[in-house]
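Here is how the chains run, residue by residue.
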Amino acid sequence: MTSTIVSENNQVLRQTVLGSRRLSNYWWAMVISVAGTGFLLASLSSYLKVNLLMLSDPTQLVFVPQGLAMGFYGVTGLLLSLYLWGVILLDVGGGYNEFNREKEEVCIFRWGFPGKNRRIEFTYKLDEVQAIRVALKDGLNPRRALYLSIKGKGEVPLTRVGQPIALAELENQGADLARFLNVPLEGL
């Protein structure tokens, strides 16, 4: 969760969840775009025997197999970068968590991929919320996340996917949310 907005009367808490519009995704989309373009231009230079790159001279490469392999890498890189730019443009995974004591409901909203499930939205009554659960897992694939425990319906993740949140920040967010909803905080 990146930002928290509390209404003037302290009855509505809204947390913005960062989706795919992260700096790391922009970085990798840019790097893969440039690399894919470079490989494709090297392949075309090798085939046409005309230098299309400023930094090197791939006209000396034999088209089969070197130029062909570079063309494959270039097309694959450009397709991957197109996917990454599309995910960033659509902001897949982005959304918000809204806890409204006036309406007595919780709304969890995320953007998905295009199609019938593009808008992912769950709404629950506040009396269905059992607890806020903190999940901690260390090791090679660490996980630190907050979950909303719903009576009879399992758990709904509240935090973004990706880099683990700092432990102190996770504890503070969980405690603030549990206090706001007047439910227990579990898992610490």
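Trainee: Can you walk me through the overall build of the chain in this structure?
Mentor: Regarding its fold elements, the chain presents three helices and nine strands. Reading the chain from its N end, one meets helices and strands in the order β-β-α-α-β-β-β-β-β-β-α-β. Over its C-alpha trace the chain gives a radius of gyration of 23 Å, far above what one expects of a compact globule, namely 16 Å for 188 residues. In terms of overall dimensions, the chain has a C-alpha envelope of 70 × 35 × 30 Å along the principal axes. Looking at the chain as a whole, 36% of its 188 residues qualify as buried. When contacts within the chain are restricted to residue pairs at least 6 apart in sequence, long-range pairs at least 24 apart make up 50% of them. Entry remark: accessible area of the chain is about 11,500 Å², with carbon and sulfur atoms responsible for 61%.

Trainee: Help me understand the pairing of strand 6 (residues 129–137), please; the structure alone is not making it clear to me.
Mentor: Each regular strand shows side chains that alternate between the opposite faces of the sheet. Pairing between strand 6 and strand 7 (residues 143–150): eight bridges, direction antiparallel. Counted as the bridge partner of R133 is Y147 from strand 7. Counted along the chain from strand 6 to the antiparallel partner strand 7, the turn is five residues long, and its residue G139 has a positive phi close to 120°. One ladder, built from two bridges, connects strand 6 with strand 9 (residues 185–186); its direction is parallel. Note that in strand 9 the partner of I132 across the bridge is L185.

Trainee: Got a minute to help me understand the sheet that holds strand 8 (residues 154–157) in this structure?
Mentor: Within a sheet, each strand pairs with its neighbour through backbone hydrogen bonds, oriented either parallel or antiparallel. Pairing within the open sheet is mixed, and its four strands lie in the order 8-7-6-9. This sheet does not close on itself; its edge strands, each paired only once, are strand 8 and strand 9. By the bridge criterion, four bridges tie strand 7 to strand 8 in an arrangement that is antiparallel. In the strand pairing of strand 8, L148 is matched with V156. Packing of helix 3 (residues 167–181) onto the sheet brings it into contact with strand 6, strand 7 and strand 9, and relative to strand 6 it is tilted by some 175°.

Trainee: Got a minute to help me understand the layout of surface pockets in this structure?
Mentor: It is the rolling of a water-molecule-sized probe over the atoms that shows where space remains empty. Its volume calculated, the largest pocket comes out at about 310 Å³. Taken together, 18 residues form the lining of the largest pocket, with G93, R110, T159, R160 and V161 sitting closest to its centre. Contributing elements (two or more residues each) for the lining of the largest pocket: strand 4 (105–111), strand 5 (119–125) and strand 8. In terms of residue count, strand 4 provides more of the lining of the largest pocket than any other element does, three residues in total. Looking at side-chain class alone, the lining of the largest pocket contains ten nonpolar, five polar and three charged residues. In this structure, the second largest pocket encloses a volume near 170 Å³. Along the wall of the second largest pocket there are 14 residues; nearest its centre are R143, R144, R160, V161 and G162. Looking at the lining of the second largest pocket element by element, the count peaks at four residues for strand 7. Residue classes in the lining of the second largest pocket are distributed as seven nonpolar, four polar and three charged.

Trainee: What's the story with the side chain of S46 in this structure? I'm lost.
Mentor: Structurally, S46 is set in helix 1 (residues 23–48). Taking the relative accessible area as the measure of exposure, S46 reaches 1% and is therefore buried.

Calculation criteria
- Residues numbered from 1 in each chain as written.
- Predicted model: local features only at pLDDT ≥ 70, side-chain atom pairs only at ≥ 80, totals over all residues.
- Heavy atoms only, no water.
- Helix = DSSP H or I, 4+ residues; strand = E, 2+ residues; numbered from the N terminus.
- Rg over C-alpha atoms; globule rule 2.2 N^0.38 Å.
- Buried < 20%, exposed > 50% of the residue type's maximum accessible area, 1.4 Å probe, protein only.
- Contact = heavy atoms within 4.5 Å.
- Areas by Shrake-Rupley, 256 points an atom, 1.4 Å probe, with all protein chains shown as cover.
- Pairing = 2+ DSSP bridges.
- Axes fitted to C-alpha atoms, helices over the stretch in contact; angles between N-to-C directions.
- 1 Å grid on protein atoms, 1.4 Å probe; cavity = no way out; pocket = protein on both sides within 12 Å on 5 of 7 lines; lining within 4 Å.
- Points joined across faces, edges and corners; volume = space filled by probe spheres on them.
- Nonpolar A, V, L, I, M, F, W, Y, C, P; charged D, E, K, R; others polar.

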